[in-house]
Structures are given as structure tokens and as C-alpha cells.
Amino acid sequence: GAVVSQHPSWVICKSGTSVKIECRSLDFQATTMFWYRQFPKQSLMLMATSNEGSKATYEQGVEKDKFLINHASLTLSTLTVTSAHPEDSSFYICSARFVASGRANEQFFGPGTRLTVL
Amino acid sequence: DAKTTQPPSMDCAEGRAANLPCNHSTISGNEYVYWYRQIHSQGPQYIIHGLKNNETNEMASLIITEDRKSSTLILPHATLRDTAVYYCIVKGSGNTGKLIFGQGTTLQVKP
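Scoring rules and cut-offs
- Residues numbered from 1 in each chain as written.
- Chains lettered and ligands numbered in written order.
- Predicted model: local features only at pLDDT ≥ 70, side-chain atom pairs only at ≥ 80, totals over all residues.
- Heavy atoms only, no water.
- Helix = DSSP H or I, 4+ residues; strand = E, 2+ residues; numbered from the N terminus.
- Rg over C-alpha atoms; globule rule 2.2 N^0.38 Å.
- Buried < 20%, exposed > 50% of the residue type's maximum accessible area, 1.4 Å probe, protein only.
- Contact = heavy atoms within 4.5 Å.
- Areas by Shrake-Rupley, 256 points an atom, 1.4 Å probe, with all protein chains shown as cover.
- Lys, Arg positive; Asp, Glu negative; His and termini not counted.
- Charge placed at Lys NZ, Arg CZ, Asp CG, Glu CD.
- Buried area = accessible area lost by both parts, 1.4 Å probe.
- Salt bridge = Lys/Arg side-chain N within 4 Å of Asp/Glu carboxyl O.
- Disulfide = S-S within 2.5 Å.
- Phe/Tyr/Trp six-rings, centres within 6.5 Å; stacked < 30°, edge-to-face > 60°.

Novice: In this structure, what is going on with the overall build of chain B? I would like to understand it.
Specialist: A count of helical and extended segments in chain B gives zero helices and nine strands. Its helices and strands in sequence order give chain B the pattern β-β-β-β-β-β-β-β-β, from N to C terminus. In terms of overall dimensions, chain B is globule-like: its C-alpha atoms have a radius of gyration of 13 Å, near the 13 Å expected for 111 residues. In terms of overall dimensions, chain B has a C-alpha envelope of 40 × 30 × 25 Å along the principal axes. Residues counted as buried form 44% of the 111 residues belonging to chain B. Taking all contacts inside chain B whose residues are at least 6 apart in sequence as the whole, residues at least 24 apart take part in 57%. Looking at chain B as shown, the accessible area adds up to about 5,700 Å², and 49% of this sits on carbon and sulfur atoms. Counting 10 positive and 9 negative side-chain charges, chain B places the centres of these two groups 4 Å from one another.

Below you can see the structure in the form of C-alpha cells.
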């Protein structure tokens, strides 16, 4: 149990286009999902916290108009990178917080999405 | 959330125990210690977490000092597949608090 999936696993796009990444909790409900970004040989950097049915909370320095987050249901959150540029090329990872009683502290991560902007 | 300090890298021989240290001297009373690992080009994998008692599961053991200022993750019989970056994270309880990743320890298990 507690599986989180991401789609696509990798994507290549042209500069100026928008890319949508999906994050799904497959066998549990997640009121909270998180989006991270990871550049080569660096650690994960938290971008935003996504709560079902409400606006996402962005970390300092992350542009909310560039990284659009939608959390429409308890099992799906999406991250849209708008007007992507080469510097947005990165590994994007989502995680979902387990809702069930007694397990509220656990977060499970997706496999990541590799974005390359040409 | 309290910060953590980990050695940047460690080596371990296959089949031997891997002991990964973590310092969290500013940890507060309601903060947990979490361990995750990330194998190259994959999402992080949850390993274990604890508050003040030692914990053990099928993957590892977590030893937390009595003053809670440091902890050690123990992989009892390391295999080549345990080669990864290991992250020690301190986070508050409940539905608040975020997992903030530091630089972690790169564990290289060698044959």
C-alpha cells in the first residue's frame, strides 16, 4: 500500500511551452501533497504544499504564477510549469501525506518526473 | 523545525552493518526524527522514524540518544542495493510540519 505515482516519468518540451505533471495517490487518500524540485547532485527543495480544495502554499522564492498547482481531489494533484525555460529543467518529485488515523506523520514519494526544456 | 548535520559520505562493506549518524542538537520535545533514502534518479523512500525510543522495522533500526541530540540509523546487513543518499530529517508531529531535506549522507556499499 501507500503508492504514489507520477505522470509522465519524463518529458521534453520546447522553451515557452507549458508542461503538466500529475501526482496520484493510488491506494490512499491524501489531503496534503507536496511538490519538490531537485537539480543534479543537489538535495530536494520543497516548492509548495498542496491542500485538497484550497490554494497551494508556496515556499519563499518559488513563483506561484509560473508553477501552478491544483489539488482537485484527495488522490490527485497537478503541477503545471508555465512558459518553461531551460533553467526549469529539473527532476520534479511529489509526495503525499497519509491521512489514516495513526499514520498522519508518514509521507510517501512518487518516482519523480524528469523535465528537460530545450 | 530543527536542523540536522550528517557526514557527506560513507563507505560500507557488503554484508556488514552500516551505521549512519545524525546530529540534531536543537531538536525540540515534540519533534520526530525521520530517515529517508534516495536511490539515484528515484523518489525518496521512507525508512523509519522515532521520537525518543529506539525503533526497528524490516529495513533498519533507529537508535536515538537519551538527550535526543543525535541518532544513528543502522542497516544491519548492507547490500549493494542499499547504495543511496540517506536523509535524516527532524519534523514536528501531526499534520503540520514539512519534510525539509538537507544534503544527506551518500552511502556507498562496496563488494
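The structure having been displayed, the exposition proceeds.
Novice: Looking at this structure, I do not really get the interface of chain B and chain A. What am I missing?
Specialist: Each partner contributes residues to the interface: chain B has 24 residues there, and chain A has 19 residues. Between chain B and chain A lies a buried interface of about 1,600 Å² when both sides are counted; carbon and sulfur atoms form 48% of it. At the junction of chain B with chain A, the criterion picks out one salt bridge. Here Lys98 of chain B ties to Glu59 of chain A by a salt bridge, and the two come within 2.9 Å at their closest N and O atoms.

Novice: For this particular structure, what's the right way to read the state of the cysteines?
Specialist: Here a disulfide denotes one covalent bond, and it connects the sulfur atoms of two cysteines. Considering all chains together, one arrives at two disulfides over all chains under this definition. The disulfide that involves Cys23 of chain A links it to Cys94 of chain A, with 2.0 Å between the sulfurs. The S-S bond linking Cys23 of chain A to Cys94 of chain A shows a torsion near 80°; that makes this disulfide right-handed. Taken together, the residues Cys23 of chain A in strand E3 (residues 19-25) and Cys94 of chain A in strand E9 (residues 90-97) connect sequence positions 71 residues apart. One disulfide in the model links Cys22 of chain B with Cys88 of chain B; its S-S distance is 2.1 Å. Measuring the twist about the S-S bond at about -80°, one finds the Cys22 of chain B-Cys88 of chain B disulfide to be left-handed. Taken as a pair, Cys22 of chain B in strand E2 (residues 18-23) and Cys88 of chain B in strand E8 (residues 84-92) lie far apart in primary sequence, 66 residues in all.

Novice: What is the right way to read the packing of aromatic side chains from this model?
Specialist: Here the distance between the centres and the angle between the planes together describe a pair of aromatic rings. A complete count under the given rule lists ten aromatic pairs over all chains for this structure. Centre to centre, the rings of Tyr36 of chain A and Phe101 of chain B are 5.6 Å apart; their planes meet at 90°, and the pair counts as edge-to-face. On the criterion of chain membership, the pair formed by Tyr36 of chain A in strand E4 (residues 32-38) and Phe101 of chain B in the loop between E8 and strand E9 (105-110) is interchain, its members lying in two chains. For the pair formed by Tyr36 of chain A and Phe101 of chain B, the shared burial category is buried. Between Phe109 of chain A and Tyr36 of chain B, the ring centres sit 5.4 Å apart and the planes meet at 80°, which makes this aromatic pair edge-to-face. Of this pair, Phe109 of chain A sits in strand E10 (residues 107-109) while Tyr36 of chain B sits in strand E3 (residues 31-38), which puts the two residues in different chains. In terms of burial, Phe109 of chain A and Tyr36 of chain B fall into one category: buried.

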